[in-house]
Amino acid sequence: MGIGVSRSRLAGAVAKAGGVGMISSAQIGYDEPDFEKDVQGCNIRSLEKHIRLAKAQAEGGLVGVNVMHALEHYSDHVKAAVRAGADLVVCGAGLPVDLPELVGGADTAIVPIVSSRKAASLLLRMWDRKYARTADMLVIEGPLAGGHLGFSPEQLEHISELDYDREISGILEEKRVYEEKYDCSIPVVLGGGIFNSAQVRQVMEKGMDGVQVATRFVATEECDAAYAYKQAYLDAGDEDVVLIKSPVGMPGRALRNAFIRRAEAARIPVERCFRCIRKCSPIQTPYCITQALINAVKGDVDNGLIFCGANVGRIRELTTVPALMEELAGGFL
């Protein structure tokens, strides 16, 4: 949902409707007039602006920020989110070992994204030892999620062989250790491939406290992306969804469009480096992920990277956030 797909308009609408509205900090200032001259300054300025706009729209609802740990300026984004009054900071794409230190004594909740028991165990243990603190919530992202994924390409190619329910149970066991130690409750949210109210119900019956849904919210009037981006979702079929090797260094799930076909055929030279990812080398990267995502969110989908979840092919109409929230709740929340 980064680079403009989920900013204040979508996040504010979700928060107002009773969910937790999430803003992605990744290159959020892409449309600022001086972005190419001052990428970092524009991102910080835009991030704080969109948090405040979303919170004003939310009318008391919760607004959070997703900050990828792989970002070059990850720590600055976290601090900016705290300054602007974000209710929570969610971090994935790596282990945010220093997140408690960056948030400090602020009221902003700290929420790591984990995909395995090993990751959850390692992070919670390190936070406990170094900061005498634990997570305020956990987000478990499964293998059917969109965008960057915390699984190996081999695992994603053989999803049917993954016993992911066992992995989820292991994560729940890990967090119970720290609930007992800190005499607290650590809510757990599950994401990845959740499409309708029946699946929401199944997740809640497994002992989860909530769900994370992204793909379906792209196909809403309130989504911050251009209409052409949303139309690509509406036109997509199951056969259009592919796994890619992202310049971020992780596998990702996206739509196989003209851009992906060109990237599969040959390297797309980087004309300008935006210094977005710490481990990215402009000389070696298959393409500039920032430019590809900016093109897509602006509506140039043939020259852009369009991330999506595994169930994007089931979306057939544009809706609104309130209607989608009501549909997903299914009358039982």
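### As for the side chain of histidine 69
You can see histidine 69 is positioned in the loop between strand S2 (62-68) and helix H3 (74-83). Here leucine 95 takes part through its backbone oxygen, which lies 3.3 Å from a polar atom of the side chain of histidine 69.

### Overview of the pattern of salt bridges
Applying the stated criterion across every chain yields a total of 16 salt bridges. Here aspartate 34 ties to arginine 45 by a salt bridge, and the two come within 2.9 Å at their closest N and O atoms. Placement of the pair is aspartate 34 in the loop between strand S1 (20-24) and helix H2 (39-58) and arginine 45 in helix H2, with a sequence separation of 11 residues. With relative accessibility at 28%, the residue aspartate 34 sits in the partly exposed group. For arginine 45, a relative accessible area of 38% corresponds to the partly exposed category. Put simply, aspartate 165 and lysine 206 hold a salt bridge, and the shortest N to O gap is 3.0 Å. Of this pair, aspartate 165 sits in helix H7 (residues 164-182) while lysine 206 sits in the loop between helix H8 (197-205) and strand S8 (210-212), placing them 41 residues apart in sequence.

### Description of the pairing of strand S4 (residues 109-114)
Of all the six residues making up S4, six are buried; the element is thus mostly covered by neighbouring parts of the structure. The pairing of strand S3 (residues 88-92) with S4 spans four bridges and is parallel. Each residue of the ladder has a partner; that of cysteine 91, found in S4, is proline 112. Bridge count between S4 and strand S5 (residues 138-141): two bridges; the pairing is parallel.

### Regarding the side chain of lysine 230
Structurally, the position occupied by lysine 230 is in helix H10 (residues 227-235). Of the side chains with opposite charge, glutamate 221 lies nearest to the buried lysine 230, which makes no salt bridge, at 5.3 Å. A distance of 3.0 Å separates the side chain of lysine 230 from the backbone oxygen of threonine 220, its partner in a polar contact. Sequence-distant contacts of lysine 230, that is, excluding residues within four places in its chain, are made with Val218, Thr220, Glu221, Cys223, Ala225 and Leu318.

### Let's talk about the packing of aromatic side chains
This structure, assessed with the given rule, holds one aromatic pair. Here the aromatic rings of tyrosine 229 and tyrosine 233 are separated by 5.9 Å at their centres, their planes lie at 35 degrees, and the arrangement is tilted. Within this pair, tyrosine 229 and its partner tyrosine 233 are both found in helix H10, separated by four residues, close to a single helical turn. Over the ring of phenylalanine 195 we find arginine 216; its NZ or CZ atom is 4.4 Å from the centre of that ring. Its guanidinium or amino end placed over the ring of phenylalanine 195, arginine 314 lies 4.3 Å from that ring's centre, counting from NZ or CZ.

The rules we used
- Residues numbered from 1 in each chain as written.
- Predicted model: local features only at pLDDT ≥ 70, side-chain atom pairs only at ≥ 80, totals over all residues.
- Heavy atoms only, no water.
- Helix = DSSP H or I, 4+ residues; strand = E, 2+ residues; numbered from the N terminus.
- Polar contact = N/O pair within 3.5 Å; in protein donor to acceptor, adjacent residues only side chain to side chain.
- Salt bridge = Lys/Arg side-chain N within 4 Å of Asp/Glu carboxyl O.
- Buried < 20%, exposed > 50% of the residue type's maximum accessible area, 1.4 Å probe, protein only.
- Pairing = 2+ DSSP bridges.
- Lys, Arg positive; Asp, Glu negative; His and termini not counted.
- Contact = heavy atoms within 4.5 Å.
- Phe/Tyr/Trp six-rings, centres within 6.5 Å; stacked < 30°, edge-to-face > 60°.
- Lys NZ or Arg CZ within 6 Å of the ring centre and 35° of its normal.

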